[in-house]
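# A structural walkthrough
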Amino acid sequence: MVKGRQSVRLLQRRKPDVPSSPEAENPKLEAAKPLSSENIQKVLLQVLPLLTLAALVSPVSQATLTPVYGSISSNVNHAEAITATILLGFIGRHLWRNWVGDFSIQPYLALWAFWMPALQAYLFGYSGKWGPVLGAIITGFVSCHSFTMPSAYAAAHALEGLGLQDQLGDIAGVALPAIILNLAYFRPMEYAFAHLLPRLMTWSTLFSPPKLQYLIATLYALLSPSKPYWLATLGIPALLHGLLANPHLDISPRNLEVLNRDLAAHNWTVLARQWSTTGYLSVIEGSVDQYRALRCDHSLLGGEWLLTDQKRQQEGWQVPESIYAIFHILEAVRLVEVSPAIRDSDAHALVVGLGIGTAPKALIAHGITTTILELDPVVHAFATQHFALPAEHTAIIQDAVSWVAAQTSTNTSQQFDYIIHDVFTGGAEPLPLFTTTFLSGLRALLAPNGVIAINYAGDLRLEITRRVLNTIYQTFDGRCRVFGDAAPANKTPSSDGSGGGEEGGEEAAFLNLAVFCRNSPGSVTFRRAVRGDWLGSRNREQFLLPREEFEISFPYPLSSEKTQDGGGGAGDEEGKDMILRKGEEGLWRRQQEESAVRHWGIMRRVLPGAVWEMW
């Protein structure tokens, strides 16, 4: 039989069927799972931008409050309120979702943001009636917390796409993401923006808080999943109001014209203004009172009575006069008697904190080589442009704490015959510049027979004032004396912090103090001032030499042996613990708030409320 090709097909063994998952056959089903990577990414792209904007709103809102309420009053309980409103936003979505369904709040949030600058300008008009605490709380809630809460609500709405409540339960599904996003994302972002904003404002005027308010509104509108026609219809008028009628916006000369038009009714004019490191700075001038001042937020850094033809011819003025006696008193650092005596032509001075430059201008006029250490470049620019700060000085634009620490860490740092320490911000003194660490650093920069003058503005009834005075006193071994710029109601701060000054009122208790200390052993005495010390100023003739009747006793005086030769007396241990140490500044926040509130009231009596409210 001839073999041929097999014509019958053999059966093949069939492989068993492997069931395939629906997700493998249809990738869309995998993506539709609540906790799929694609869905998580989609949800986070909605949640994180909302929380980022809310984190930016916080420092921007606080910055816009500071010209009216001061930075310290504006921050009272702010951190606690922020956390509360974030959590309330998440809880509110859980409670209301069955009633409102998929209703989106974001378009309304954008519209609210566009009109916020106009609403703020209206609310500022009530600051005098509400006061620094209640006014800051009300306006802060409207301008800040009314954004953080709806932003958290919208974020919670977006998070429902992950189905966390179905998997973790209602309580955990709401609480866990709220707490995690608040602590791990929102608060770090808020902290970063708060520290970045002053640098951005210094770097460019494009980042001023009023401009950022409109930028935030625009970003809220872009993030909104729906953009109804009414958003543009109602939002554009808000932009036009800002451009044409909002005195706070600094985008064009038109806004400054609006501001000065409104201030003209109160006889004041803003010559220049700019946001910078320390906040809102402006140079203001009164047509009736006839003085010019440098404003920082809700305080004055200094000012001068204008040298008019009438004052020159009828009253014999030769130079503009300082509106504050304390700056002339600080110049008495030259008058402290030391041995060997310091000649002006050989002397070197360091001025920490510039203001309008009253004291450094005098030092320069006396031929003293002067170095100015100032944090804010705009303060230096305004002092030069509007208060005739001479160019013959060395300017160091840097944080004083870091600069002094860097100088004292080297053995080649320059020493100064005179140091003037004059800093003020936010309605109270910056405590890091009054710690024993910082003051010891300044003493290390002082020549062996050098002298330092320290200005501290504080309430004699508060323990923090007593502690700061004692810190200065202990740092310089008791070789100090302290004088006020006016007669104190009680010449000795009380040991329990309740202090004198009750019968003298707020202004009698809140004083500008000048503390004079010497580096070498001996008592602080002043030589007699002569005509050359006055530099043609009538105010210097009257206020330069500290008055004996304005002297205030230190709370913990050392024994005479300690002050004369550096030894110690039996009772000298009493005040050693009553000092301000680095890292303890936060312990005195409440007392700084009290001091800032009292200072706010004093400033409202110095200038009309409208000047503060219109910026």
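Throughout this document, residue positions are counted from 1 along each chain, in the order its sequence is written. Whole-chain, interface and lining totals are the exception, using all residues; otherwise, since this is a predicted model, local features are given only for residues with pLDDT of at least 70 and side-chain atom pairs are given and counted only at 80 or more. Calculation of side-chain values draws on the structure's entire complement of heavy atoms; hydrogens and water are dropped beforehand.

Where an unreviewed UniProt entry is consulted, the chain appears under the name PABS domain-containing protein, with the organism given as Friedmanniomyces endolithicus.

Secondary structure elements are taken from DSSP: a helix is a run of H or I of four residues or more, a strand is a run of E of two residues or more, and numbering for both begins at the N terminus. Counting secondary structure elements, the chain contains 25 helices and 13 strands. When contacts within the chain are restricted to residue pairs at least 6 apart in sequence, those whose partners lie at least 24 apart make up 74%. Calculation of accessible area relied on Shrake-Rupley with a 1.4 Å probe; when residues are assessed, cover is drawn exclusively from the protein chains displayed. Total accessible area on the chain stands at roughly 28,100 Å², and carbon and sulfur atoms take up 58% of it. Two residues form a contact once any of their heavy atoms are found within 4.5 Å.

The subject of this paragraph is the layout of surface pockets. Put plainly, a pocket is an open set of points on a 1 Å grid over the protein atoms alone with protein on both sides within 12 Å along at least five of seven lines, a cavity is a set where a 1.4 Å probe fits but cannot get out, and a lining residue has an atom within 4 Å of a point. Grid points are joined across faces, edges and corners, and a volume is the space filled by probe spheres set on the points. Size it by volume and the second largest pocket reaches roughly 250 Å³. In terms of lining, the second largest pocket is formed by 14 residues, of which the most central are Glu304, Val319, Pro320, Lys361 and Arg540. Counting only elements with at least two residues in the lining of the second largest pocket, the list comes to strand 5 (321-322) and helix 15 (358-365).

Our next topic: helix 5 (residues 78-100). Since one α-helical turn is 3.6 residues long, residues separated by three or four positions face the same way. The bend at a residue is defined as the angle formed between two axes, one fitted to the seven residues ending at that residue and one fitted to the seven starting there. The axis of helix 5 is deflected most strongly, by about 40°, at His94. Listing the buried residues of helix 5 in full gives His78, Ile82, Thr85, Ile86, Gly89, Phe90, Gly92 and Arg93. At its buried positions, helix 5 is contacted by helix 3 (37-69), helix 4 (71-74), helix 7 (127-159) and helix 9 (170-203). One or two residues past the end of helix 5 sits Gly101, with phi positive at roughly 65°. Burial classes follow relative accessibility: with a 1.4 Å probe on protein chains only, a residue under 20% of its type's maximum area counts as buried, one over 50% as exposed, and anything between as partly exposed.

Axes here mean lines fitted to C-alpha atoms, for a helix over just the part in contact, with angles spanning 0 to 180 degrees between N-to-C directions. Where helix 18 (residues 436-444) contacts helix 19 (residues 463-475), the axes come no closer than 10 Å and their chain directions differ by 40°. Helix 18 and helix 19 meet at a crossing whose hand is right-handed. Residues Thr436, Leu439, Ser440 and Arg443 of helix 18 lie in contact with helix 19, whose contacting residues are Thr471, Ile472 and Thr475. Of the residues assigned to the contact of helix 18 with helix 19, the class counts are two nonpolar, four polar and one charged. When the near helix sits turned anticlockwise from the far one by under a right angle, the crossing is termed left-handed; a clockwise turn instead gives a right-handed crossing. As a working rule, the residues Ala, Val, Leu, Ile, Met, Phe, Trp, Tyr, Cys and Pro are called nonpolar, Asp, Glu, Lys and Arg charged, and the rest polar, with Gly in that last group.

What follows deals with the state of the cysteines. Here, the term disulfide refers to a pair of cysteine sulfur atoms separated by no more than 2.5 Å. The final tally for this structure, using the stated rule, is one disulfide. A disulfide bridge connects Cys480 with Cys517, and the sulfur atoms are separated by 2.1 Å. Taking the sign of the torsion about the S-S bond as the criterion, the disulfide between Cys480 and Cys517, at about 110°, is right-handed. Taken together, the residues Cys480 in strand 11 (residues 480-484) and Cys517 in strand 12 (residues 510-518) connect sequence positions 37 residues apart. Taking relative accessible area as the criterion, Cys517 reaches 1% and is therefore assigned buried.

Quick look at the packing of aromatic side chains now. Pairing of aromatic side chains here covers Phe, Tyr and the six-membered ring of Trp, requires ring centres within 6.5 Å, and sorts the geometry by plane angle: under 30 degrees stacked, over 60 edge-to-face, intermediate tilted. Enumeration over the complete set of coordinates arrives at 19 aromatic pairs. With a centroid separation of 5.5 Å and an interplanar angle of 70°, the aromatic rings of Tyr122 and Tyr126 are classed as edge-to-face. The rings of Phe124, Trp275, Tyr280 and Trp615 are connected pair by pair, giving a single aromatic cluster.

Only strands joined by at least two bridges in the DSSP assignment are considered to pair. Reading across from one edge, 8-7-6-9-10-12-11-13 is the order of the eight strands in this open sheet, with mixed pairing throughout. Two strands close off the open sheet at either side, each with one partner strand: strand 8 (394-397) and strand 13 (551-552).

What follows covers the packing of helix 6 (residues 106-124) against helix 7. Between helix 6 and helix 7, whose axes approach to 11 Å, the crossing angle comes to 170°. On the basis of their axis angle, the class for helix 6 and helix 7 is roughly antiparallel. On helix 7, the residues that touch Gln106, Leu109, Trp112, Ala113, Met116, Leu119, Gln120, Leu123 and Phe124 of helix 6 are Ser127, Trp130, Thr139, Val142, Ser143, Ser146, Phe147, Pro150, Ser151 and Ala154. Our angle categories are set so that under 35 degrees counts as roughly parallel, over 145 as roughly antiparallel, 65 to 115 as roughly perpendicular, and the remainder as oblique.

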